[in-house]
Each structure stands twice: as structure tokens, then as C-alpha cells.
Amino acid sequence: MSISYFDGNDATKLGSRVVHPEQPESKLRRVDGENIYLSKASSTDFRQKIEAEVKSGRTKWAQLVIEIDDISLAFWLPAELDAYCEVFATTPFPTARTLLKRSPDSTELNSHWLSRLPKKAKSGKFRVRFLRYVETRPTALIKFQDFYSDST
């Protein structure tokens, strides 16, 4: 788990939500000099929350990256992490279409964070490991939550 800090209103546009060790599709952006590809998976809800933070004047950002089983997931807001945890705890595991209330705009469905997750991250085993890890409240997670509890 790691946390990185960024300045600027557009900082969140630079970051990704899912980090892939190899290129599963041509639309991913390669990290300079590294064999890592970024996928900007999000949802309208997350984009609106980030936009609200920008409108409220936030110019300092923290990005939390959680890596489990060679899968890295990145979060810009604690609410984003909470939403992942809520969905990961759901049984049966929903689809992006289910989360979008069965009436998605076709582009929203394709870019929704759940549809962008690697297959391995959708397994019950991964989700349980992810939730257990988050429940341990590692130091980086506490710093991430504290960062956003301060109005910056």
C-alpha cells in the first residue's frame, strides 16, 4: 500500500484507478519507461465527487494505491474506497450494469470501474483478501483518510 500527494485542480485527471502489469487492450496508457499500463476506470458518481472537491477549492490530493496479488487499485477519495469495499462485500457479486441500474449510457458501462477490473480482481478470493486488508487499517490508509478529513 502506498500514498502519493499531488497539487493542482487537474491532478486527478493524471491518475488511474486500475494499474495493469501488461497491456490487455490498446486504450491503456503506458507509464514512461516502465512496463505498467494505466486504465482510467471510474463512474459518474466518482467523477461528480471529485468535481465537487475541485469546486470547493481543493488543490491538494492524495492517491492511495492498494496492491494485492499483483493487482493495484488506486483511489482519489475515501468515498471511492468505501464504494469499492461495499461492492466487494456484496453477494452475489454485481455487474457494472447492475450498479448502473440497468439503464447505462453505453460509454458509462464500458468505462465503469467494475467493468475495467481485471478478471482476477473480481474473484471471491481476491475480494475477501482486499476487504480483510483494508479492515486492518494500515498506516497509509489512516494517513489517506486523515488527509481528506482536513479541509485543504
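Starting afresh in each chain, residues are numbered from 1 along the sequence in its written order. Only residues with pLDDT of at least 70 get local features here, since the model is predicted, and only at 80 or more are side-chain atom pairs given and counted; chain-wide, interface and lining totals rely on the full set of residues. Calculated side-chain values reflect all of the structure's heavy atoms, with hydrogen atoms and water omitted.

Chemist: Looking at this model, I keep getting lost on the environment of Ala74. Mind explaining?
Modeler: Structurally, Ala74 can be placed in strand 6 (residues 71–75). Buried, partly exposed and exposed residues are distinguished by accessible area as a fraction of the type maximum, computed with a 1.4 Å probe on protein chains only: under 20%, between the cut-offs, and over 50%, respectively. On the basis of relative accessible area, Ala74 is assigned to the buried category, the value being 1%. Each C-alpha atom of the pair Ala74 and Met1 lies 9.7 Å from the other, and the pair is 73 residues apart in sequence. Secondary structure elements are taken from DSSP: a helix is a run of H or I of four residues or more, a strand is a run of E of two residues or more, and numbering for both begins at the N terminus.

Chemist: Is there a simple way to think about the side chain of Arg58 in this case?
Modeler: With respect to the helices, strands and loops of the structure, Arg58 is situated in the loop between helix 2 (44–55) and strand 5 (60–68). What qualifies as a polar contact is a pair of N or O atoms within 3.5 Å, subject to a donor-acceptor requirement within protein and to the restriction that residues adjacent in sequence count only when both atoms come from side chains. In this structure the side chain of Arg58 is engaged in a polar contact, spanning 2.7 Å, whose partner is the side chain of Glu53. Looking at Arg58, its side chain comes within polar contact range of the main-chain oxygen of Lys60, at 3.0 Å.

Chemist: Just to check I follow, could you spell out the packing of aromatic side chains for this structure?
Modeler: Aromatic ring pairs are reported here in terms of the distance separating the ring centres and the angle at which the planes meet. Two rings belonging to Phe, Tyr or Trp (six-membered ring only in the last case) form a pair when the distance between their centres is within 6.5 Å. Interplanar angles under 30 degrees mark stacking, angles over 60 mark edge-to-face geometry, and anything in between is tilted. Under the definition given, this model contains 12 aromatic pairs. Taking the centre distance of 6.0 Å and the plane angle of 65 degrees together, the rings of Tyr84 and Phe88 count as edge-to-face. Taken together, the residues span about one helical turn, with Tyr84 and Phe88 both in helix 3 (residues 78–88) at a distance of 4 residues. The same class applies to Tyr84 and to Phe88, which are both buried. An aromatic cluster of three or more residues is present, and its members are Phe75, Tyr84, Phe88, Phe93, Phe126 and Phe130. Working rule: Lys NZ or Arg CZ, within 6 Å of ring centre, within 35 degrees of ring normal, means a charge sits over the ring. Positioned above the aromatic ring of Trp61 is the side chain of Arg58, whose terminal nitrogen or guanidinium carbon lies 6.0 Å from the ring centre.

Chemist: Can you help me understand unusual backbone geometry in this one?
Modeler: Leaving glycine out, the prevailing phi sign among residues is negative, and the prevailing peptide bond configuration is trans. Between Thr91 and the following residue, Pro92, the backbone shows a cis peptide bond with an omega angle of -5 degrees. Mapped onto the elements, Pro92 comes out in the loop between helix 3 and helix 4 (96–99). Although it is not a glycine, Asp70 sits at a positive phi angle of roughly 65 degrees. Structurally, the position occupied by Asp70 is in the loop between strand 5 and strand 6. Under the relative-accessibility criterion, Asp70 is labelled exposed at 59%. Unusually for a residue other than glycine, Arg137 sits at a positive phi of about 50 degrees.

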